[in-house]
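Results of the structural survey
Listed below, chain by chain, are the residues.
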Amino acid sequence: MNKDGPSIKEIWETIQKETEKRVQAEPVLASFFHSTILEHDSFSSAVADLIASDLGRASVQPMLLRSVIKEALNSSEEILNGTVSDLLAAKERDPSCKYLSEPLLFFKGFKALQAHRVASWLWVNSRHTLAHYFQSRTSEVYGVDIHPAAKLGEGIMIDHGTGVVIGETSVVEDNVSIFQGVTLGGTGKEEGDRHPKVREGVLLSASSTILGNVKIGKNAKVAAGSVVLDDVKEYTTVAGVPAVKVNEVSSESPARDVDHGID
Ligand SMILES: CC(C)(COP(=O)(O)OP(=O)(O)OC[C@H]1O[C@@H](n2cnc3c(N)ncnc32)[C@H](O)[C@@H]1OP(=O)(O)O)[C@@H](O)C(=O)NCCC(=O)NCCS
């Protein structure tokens, strides 16, 4: 985990303490809090259980999915570190997020990212059919459709989730924030490596559409509703259809400090 951040053990202890208080505050959800958090002995066990319960169906038992997810999360530090840094990203960047347990329990974007991390692990291990199962159920359940071959870094926030589509040859680097309705897609005119490459710290605002093998430079901002068809230089804001430069970015990390709350 990030050398400056809390350890996974500390995060897990915080989540458990928060949840104990919430059981008292909301008895209706007591059994939900027990089965999702309090009965687990580790963060990875809770993550696996939550995602498996959501993505199972009558003919695919959650128990089987849980063991696959656990195997993925425990297969390398990289996957679990990615999960933890996504959790911290949601807590830090979403002003409506008051508790570390909230993304884990309630945020579709966070859960979709973790399902993708598992699908991506399956994909590189040549279990393409099960990877597609995870992709398909993630799309049905969370409204987020990410091809298992797409490469995502750490500290990603997908806020609200609904309607996000990320194509096969897309790359999303660390600390990018993505809002609802964002598409990283192909133009339909290119083959092979045909999807966007989004560099570190970029903000992709609500319903922005980025098409083709274009590069969105480090710490750039794409305004809500834009259609981006060309490369965007680093530290640049683009807006409109088609998107053009409208500003320069002075912030060191626009993905982190945009005030995007909807409350
Ligand atoms: C792009 C954005 C982050 C602002 O970035 P910025 O670099 O501070 O840009 P500014 O606000 O200074 O705007 C620069 C110009 O672009 C225009 N602009 C900003 N957003 C725009 C948009 N979505 N579409 C078209 N034009 C836009 C502004 O009107 C301004 O034009 P002007 O120079 O003629 O006055 C913000 O407008 C935005 O789109 N935020 C979306 C956040 C979001 O998705 N929230 C969802 C939460 S649920």
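Parameters and conventions
Residues numbered from 1 in each chain as written. Predicted model: local features only at pLDDT ≥ 70, side-chain atom pairs only at ≥ 80, totals over all residues. Core = buried A, V, L, I, M, F, W, Y, C linked by C-beta atoms within 7 Å. Buried ≥ 20, exposed ≤ 12 C-beta atoms within 10 Å, placed from the backbone. Helix = DSSP H or I, 4+ residues; strand = E, 2+ residues; numbered from the N terminus. Domains from an automatic or database assignment. Contact = placed C-beta atoms within 7 Å. Expected span 1.5 Å × (residues − 1). Pairing = 2+ DSSP bridges.

Turning next to the nonpolar core. Counting 70 residues, the largest nonpolar core has Leu204 and Val222 as its most contacted members. It is helix 7 (residues 108-124) that contributes the most residues to this core, 9 residues altogether. When residues of this core are assigned to domains, at least three fall in each of domain 1 (1-144) and domain 2 (150-263). When sequence neighbours within four positions are dropped, the list of residues in contact with Leu204 reads Val176, Ser177, Ile178, Phe179, Val182, Val198 and Val222.

Between its terminal C-alpha atoms helix 1 (residues 8-25) stretches 26 Å, which fits the 26 Å expected from 18 residues at 1.5 Å a residue. At its buried positions, helix 1 is contacted by helix 2 (30-38), helix 3 (43-55), helix 5 (77-93) and helix 6 (101-106).

Let us now look at helix 3. Spanning 13 residues, helix 3 covers 18 Å between terminal C-alpha atoms, matching the ideal 18 Å at 1.5 Å per step. All of the buried residues in helix 3 are Phe43, Ser44, Ala46, Val47, Ala48, Asp49, Leu50, Ile51, Ala52 and Leu55.

Many structure descriptions define interface size as the accessible area lost when the parts assemble. You can read the domains of the protein chain as domain 1 (1-144) and domain 2 (150-263). Computed over C-alpha atoms only, the centres of domain 1 and domain 2 are separated by 24 Å. In this complex, domain 1 contributes 19 residues to the contact, which on the side of domain 2 involves 16 residues. Of all the secondary-structure elements, those providing two or more residues to the side of domain 1 that touches domain 2 are helix 5 and helix 7. In terms of residues, the side of domain 1 that touches domain 2 owes the most to one element, helix 5, which gives 8 residues.

This part covers the pairing of strand 14 (residues 236-239). Relative to strand 14, strand 12 (residues 221-222) is paired through 2 bridges, and the arrangement is parallel. Looking at strand 14, one finds that Lys221 is bridged to Thr237. In terms of strand pairing, strand 14 meets strand 15 (residues 244-248) through 4 bridges, oriented antiparallel. Paired with Ala239 across the two strands is Val244, which belongs to strand 15. Once strand 14 ends, the chain turns through 4 residues before running back antiparallel as strand 15, passing Gly240 with a positive phi of about 100°.

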